[in-house]
Amino acid sequence: MTVVVGYSADQFGHAAVEHGAREALARGERLVVVNASTGQKLVDSRFAPDEEIRTLTAGLEAQGLEVEIRHDVVADVADAVLDAARETGARLIVVGIRKRTPVGKLIMGSVAQRVILDADCPVLAVKP
Amino acid sequence: MTTTVPTAVGTPTRVVDKAQYGLAAFLVVVGASVLVDAATLEDGFADQPVQPYAVPYVVGAVLTLLGVLLAVATARGDVPEAEDGEDVDLTGGADWRTVALLVVVFVLNILLIDWLGWAITGALLFAGGAGVLGSRTHVRDLAIGTALSVGTWYGFYSGLGIPIPAGILDGVL
Amino acid sequence: MELLLEGFQSALTPTNLLFAVIGVLLGTSVGVLPGIGPAMTVAMLLPVTYSVGVDSAIIMFAGIYYGGMYGGSTTSILLNTPGESSSVVTAIEGNKMAKRGRAAQALATAAIGSFVAGTIGTALLALLAPTVADVVVKLGAPSYFAIMLLALFMVTAVLGASKLRGFISLFLGLTIAIVGTATGQARLTFGQPLLADGIDVVVVAVAIFAIGEALWVAAHLRRKPLEVIPVGRPWMSKADWGRSWKPWLRGTALGYPLGAVPAGGAETPTFLSYITERKLSKHPEEFGKGAIEGVAGPEAANNASAAGTLTALLAIGLPTTATAAVMLLALRGYGLQPGPQLFDAEPELVWTLIASLFVANALLLVINLPMAPIWAKLLQIPRPYLYAGILFFASLGAYSVNFEAFDLGLLLAFGLLGLTMRRFALPVLPLIIGVILGPELEEQVTTALTISQGDVSTLWSEPVAIVVYALMVVLLLLMVLTGLRKPPATAAPTGSEPSDPSEPSDIEKQEVPR
């Protein structure tokens, strides 16, 4: 059993990792961190630089966690998180959610929303 | 679909870019057709010091010669250094499937524009192009495309005074 | 001087000022955006010339030209991916500076250097262009023919890595120029009445620049996002000013003359400026680690070269860069022929343009210094939209010429040619210049021979023509000599064009699919 975290390189992702790590530690489970980008933007601020991933991994391992990192360019970010959950037999998925205006909801697709709707396991939605 | 043959840096092994023979053949064909076309031209007016066929003869001949030279250079191991760019990643192979699909989208635009008009085909062109290039939000693509095509239609019509044919939407727009 | 003041009066009318602002903003955006540059933008905007006044359109295009040079430097510094070829050198030191936390200073020295160089360059343009035009206007058709041949030759043979490819590109352009019935008989029209008027250069330009580039990028889209270095408002310390002002002036001195010469372009002076600064610097140890001189010099050089390019365009009618070539098309769209006669025929227009260049330059500085962080946000546009948008606007531009679906077919055909050219490293500029100057060459020979009643020797009857031909022979000999000295199998860049140091040295080769 694992805990899968949908990580974005911002405060929402940090909150998700923090909660995910706590869950994984409490149950002695493996932590799977997914940081993906569609690569559609030349610059994707939610896609963490390699350096940040190294720091993050080191920090988590220092807490005594077994960590798996999926740091990829994928066709769809929500699918990447869901696939990681299915493949590793996740008990729980943790995502960070952000505040959106009604118009923003209409225009922007939400990764967190897709994960919550399509996941086979419980999803923990956290706020920073 | 595509195969990539990465070549090592500065190795003396002779790599022949076979596709470049295709380009050489293309040049010879174009050059030859310019020459053939020039041969069908008649003498111009008496006061025309440069005959209409003079320039085509020169251009056609040189183009044919360049095609041959390119073939020779290719055989001798001349490899083109494909154009790099800000948004171009030459390390992977070329994704010709995307290009082919874009061409299909574009051809549809050409075939349909007289009938449907720019306001519709323009939107399809944008949404189709974005979809081929990897966008997953098709409804949003179509919405943006429609906004752009209808917007440019009105912009040209009232802003620039250029009436783009409305096609099937004639009278609606 | 009086003319220039009048020029300022008409450049500063609200309408023209608005177009200058639009141009500067557009130019900077396309400079920042990947895969889209000033030449492509001006080409796609050519339809506006059908209804916007000539002064407004030219002012906007000038703003795009100068703005593009500036925008390119922003991505060079913040992303290490030069937006335009003229800012390749900027990336070397600029990105290192940004990584050391000096992005604000790098952007500042680029912006202020561009302003200084652009202003000096434009002043030189105002001083020199009329004089040059006076000289050129006295030349006969034979000399003018010789100069055009020289320009074609230099653009083809000196620019780019491979001379063979340059000539292939040029003659493809000349072939396109033959199509039509300009000489009284249908040439290469294949019985197609829609080709009788020739192939519209606008369609060719839009296809080669926009469609060709979009297809090429689509085939090689970068998948992994790049890291952008966050930046605040650009500023410089006193020490930075002290280290920047000399490179600015030296960059200007290199950029202006080289921009005016065919084949000088913007790349060569930026590279020369970089080498010069590295040699003269009091901090040679900083080069390669983010020396401000290495940003200040080349950025001044590329803006000065833009002014030089416009001098050649206005005074002689010779486009020496892709953007200048498209601007020439725009002027022709108004029935104006850039060149020496323009100063006599349309003095108000020319001086308005020159004044607007000063205005555009000042606007760039005022608008862009505070806006740098906003420009970086442009990189967030999803690229499917960016390239679908290019296809969209390119089609619109080509379609609005005649409302013929046939033109869109041509657009696609030449777009595929543009894609092929990029795949086989054929330079784009010689083709465009060939299409533009081809008919003119034929016309000048005809004029010369008509005057001389068919006597061919008239072509070298003028001293200027003889000098130009001699120069071409010398260049040709030099080329042959340097060509003999190295093994023919290597398609390496040749002496005159410095090979780009930031370019990856490993050459990946793609096999075309079946």
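For every chain, the first residue of the written sequence is number 1, and numbering continues from 1 along that sequence. As a convention, the first chain written is A and the first ligand written is 1, with the rest following in written order. Local features in a predicted model are, by the rule used here, given only for residues with pLDDT of at least 70; side-chain atom pairs are given and counted only at 80 or more, and totals for whole chains, interfaces and linings are based on all residues. Note that water and hydrogens are dropped before the side-chain values are worked out from all heavy atoms of the structure.

Asks: Go over the overall build of chain C, please, and point to the residues and values.
Replies: When helices and strands are counted, chain C shows 19 helices and 1 strand. For 514 residues, the compact-globule estimate of 2.2 N^0.38 gives 24 Å, and chain C sits close to it at 22 Å. Dimensions of chain C along its principal axes, counting C-alpha atoms only, are 70 × 65 × 55 Å. Only protein chains enter the accessibility calculation, which uses a 1.4 Å probe. A residue is then buried if its area is under 20% of the maximum for its type, exposed if over 50%, and partly exposed in between. Here chain C holds 514 residues, and 63% of them are scored as buried. Intrachain contacts of chain C at a sequence separation of at least 6 include 79% that bridge at least 24 residues. Counting from the N terminus, the helices are DSSP H or I runs at least four residues long and the strands are E runs at least two residues long. What the globule rule says is 2.2 Å times the number of residues to the power 0.38, and the radius of gyration is computed from C-alpha atoms. For this analysis, residues touch if any pair of their heavy atoms sits within 4.5 Å.

Asks: Explain the interface of chain B and chain A residue by residue, including any values.
Replies: Tallying the contact residues gives 5 residues for chain B and 5 residues for chain A. Two parts lose some accessible area (1.4 Å probe) when they are put together, and adding that loss for both gives the buried area. For the pair chain B and chain A, the summed buried area comes to about 460 Å², and 44% of that belongs to carbon and sulfur atoms. Whenever a carboxyl oxygen of Asp or Glu lies within 4 Å of a side-chain nitrogen of Lys or Arg, that contact is scored as a salt bridge. Where chain B packs against chain A, one counts 1 salt bridge. Between A:Asp76 and B:Arg136 there is a salt bridge whose closest N-O contact spans 3.9 Å. Contacts described as polar in this section are N or O atom pairs within 3.5 Å, which, within protein, must combine one atom able to donate a hydrogen with one able to accept it, while residues neighboring in sequence count only if both atoms come from side chains. In this structure, the connection of chain B to chain A is made through 0 residue pairs in polar contact (both at pLDDT 80 or more). Just so you know the grouping, Ala, Val, Leu, Ile, Met, Phe, Trp, Tyr, Cys and Pro go in nonpolar, Asp, Glu, Lys and Arg go in charged, and all remaining residues, Gly too, go in polar. Taken together, the residues that form the side of chain B that touches chain A break down as no nonpolar, 2 polar and 3 charged.

Asks: Lay out the confidence of the model for chain C in plain terms, naming residues and giving numbers.
Replies: Residue and element names in this part refer to chain C. Taken over all residues, the pLDDT of chain C has a mean of 83, while the share at 70 or more is 92%. A score between 0 and 100, pLDDT records how confident the predictor is in each residue. Within chain C, no element has a lower average pLDDT than strand 1 (residues 508-511), which sits at 34, and none a higher one than helix 17 (residues 405-423), at 93. A low-confidence stretch, residues 486-514 stays under pLDDT 50, and its non-local contacts, those more than four residues away or across chains, total 62 contacts. Complex prediction metrics read pTM 0.82 and ipTM 0.87.

Asks: Describe the pairing of strand 4 (residues 90-96) of chain A, listing the residues and the values that go with them.
Replies: All names here are of chain A. Of all 7 residues in strand 4, 7 are buried; the element is thus mostly enclosed. One bridge is not enough; two strands pair if DSSP finds at least two bridges between them. Taken together, the 5 bridges between strand 1 (residues 2-6) and strand 4 define a ladder with parallel strand orientation. What sits directly across from Val-4, in strand 4, is Ile-93. Judged from the 4 bridges that link them, strand 4 and strand 5 (residues 123-126) form a sheet pairing that is parallel. Directly across from Val-95, in strand 5, lies its bridge partner Ala-125.

Asks: Account for helix 8 (residues 163-178) of chain C, naming residues and giving values.
Replies: Residue and element names in this part refer to chain C. Look at helix 8: 23 Å from first C-alpha to last across 16 residues, which is about the 22 Å you get at 1.5 Å a residue. With 16 of 16 residues buried, helix 8 lies mostly within the body of the structure. N-cap assignment for helix 8: the residue whose side-chain oxygen lies 3.5 Å from the backbone N of Leu-164 is Ser-162. Trailing helix 8 by a residue or two, Gly-180 shows a phi angle of about 130 degrees, which is positive. By this rule, a helix spans an expected 1.5 Å times one less than how many residues it contains.

Asks: Tell me about the interface of chain B and chain C, residues and numbers included.
Replies: Facing the 92 residues of chain B at the interface are 86 residues of chain C. Of the roughly 7,900 Å² buried between chain B and chain C on both sides combined, carbon and sulfur atoms contribute 69%. Taken together, chain B and chain C are joined by 2 salt bridges. Between C:Arg165 and B:Asp78 there is a salt bridge, with its nearest N and O atoms 2.4 Å apart. Along the contact surface separating chain B from chain C lie 8 residue pairs in polar contact (both at pLDDT 80 or more). Mapped by element, the contributors of at least two residues to the side of chain B that touches chain C are strand 1 (3-6), helix 1 (19-39), helix 2 (54-75), helix 3 (96-116), helix 4 (118-132) and helix 5 (138-159) of chain B. Considering each element in turn, the side of chain B that touches chain C owes the most residues, 11 residues, to helix 3 of chain B. When the residues that make up the side of chain B that touches chain C are grouped by side-chain class, the tally is 53 nonpolar, 21 polar and 18 charged.

Asks: Report on the nonpolar core, specifying residues and quantitative values.
Replies: Side-chain atoms within 4.5 Å link the members of a nonpolar core, which is a set of buried Ala, Val, Leu, Ile, Met, Phe, Trp, Tyr and Cys residues. One finds C:Phe61, C:Val204, C:Phe209, C:Ile354, C:Leu411, C:Leu431 and C:Ile432 to be the most contacted residues of the largest nonpolar core, which totals 213 residues. Ignoring sequence-local partners within four residues, the contact set of C:Leu431 consists of C:Ser169, C:Leu170, C:Leu172, C:Gly173, C:Ile176, C:Val204, C:Ile208, C:Leu417 and C:Met421. Formed by 20 residues, the second largest nonpolar core is a distinct cluster that contains A:Leu31, A:Ile53, A:Leu65 and A:Val94.

Asks: Give me the lowdown on the packing of helix 5 (residues 88-99) of chain C against helix 11 (residues 267-280) of chain C, citing residues and values where you can.
Replies: Residue and element names in this part refer to chain C. Whenever a helix is involved, its axis is fitted only over the stretch in contact; in every case the axis is a line through C-alpha atoms, and angles between N-to-C directions fall within 0 to 180 degrees. Relative to each other, helix 5 and helix 11 sit at 35 degrees, their axes nearing to 8 Å. Within the contact between the two elements, helix 5 uses Val-89, Ile-92 and Glu-93 and helix 11 uses Thr-270, Phe-271 and Tyr-274. For the contact of helix 5 with helix 11, the per-class residue count stands at 4 nonpolar, 1 polar and 1 charged.

Asks: Outline the pattern of salt bridges, listing residues and values.
Replies: All names here are of chain A. Under the definition given, this model contains 23 salt bridges over all chains. Glu-18 is paired through a salt bridge with Arg-22; the nearest N and O atoms lie 3.4 Å apart. Of the two residues, Glu-18 and Arg-22 both sit in helix 1 (residues 11-27), 4 residues apart, roughly one turn of that helix. You can call Glu-18 partly exposed: its relative accessible area is 49%.

Asks: Tell me what's going on with helix 6 (residues 103-137) of chain C, and back it up with residues and numbers.
Replies: Taking 1.5 Å of rise per residue, the 35 residues of helix 6 of chain C would be expected to cover 51 Å, and the 47 Å separating its terminal C-alpha atoms lies within 8% of that figure. Of all the bends in helix 6 of chain C, the greatest reaches close to 35 degrees and is centred on C:Leu128; the proline C:Pro130 follows between one and four positions later. Axes are fitted to the seven residues ending at a residue and to the seven starting at it; the angle between these axes is taken as the bend at that residue.

Asks: Please set out unusual backbone geometry residue by residue, giving values where relevant.
Replies: We note that C:Phe403 has phi near 55 degrees; this positive angle belongs to a residue other than glycine. Tracing the backbone through its elements, the reader meets C:Phe403 in the loop between helix 16 (383-402) and helix 17.

Asks: Give me the packing of aromatic side chains: which residues, what numbers.
Replies: Under the pairing criterion, centres of Phe, Tyr and Trp rings, with the six-membered ring standing for Trp, must be within 6.5 Å; the plane angle then separates stacked pairs below 30 degrees from edge-to-face pairs above 60, leaving the rest tilted. Under the defined criterion, the tally for this structure stands at 13 aromatic pairs over all chains. Plain terms: the ring middles of B:Phe126 and C:Phe392 are 6.5 Å apart, the flat faces sit at 90 degrees to each other, and that makes the pair edge-to-face. Of this pair, B:Phe126 sits in helix 4 while C:Phe392 sits in helix 16, which puts the two residues in different chains. With centroids separated by 5.2 Å and ring planes inclined at 10 degrees, the aromatic side chains of B:Trp153 and B:Tyr157 adopt a geometry described as stacked. Remark: B:Tyr157 and B:Trp153 occur in helix 5; sequence separation between them is 4 residues, near one turn of the helix. By way of ring pairs, the aromatic residues B:Trp118, B:Phe126, C:Tyr385, C:Phe392 and C:Phe393 are connected into one cluster. Ring-over charges, as used throughout, are those where CZ of Arg or NZ of Lys falls within 6 Å of the ring centre and within 35 degrees of the ring normal. Geometry around C:Phe424 places C:Arg423 over its ring, the cationic atom sitting 4.6 Å from the centre.

Asks: Tell me what's going on with the sheet that holds strand 3 (residues 67-73) of chain A, and back it up with residues and numbers.
Replies: All names here are of chain A. An order of 3-2-1-4-5 is seen for the 5 strands of this open sheet, with the pairing classed as parallel. In the strand order of this sheet, the two ends are held by strand 3 and strand 5, each with one partner. Direction aside, the axes of adjacent strands within the sheet are offset by 20 degrees on average. Each of strand 1, strand 2 (30-37), strand 4 and strand 5 is contacted by helix 1, which is oriented at about 155 degrees to strand 4, the strand it contacts most. On top of the sheet, helix 2 (residues 50-62) reaches strand 2 and strand 3; it is set at about 165 degrees to strand 3, its chief contact.

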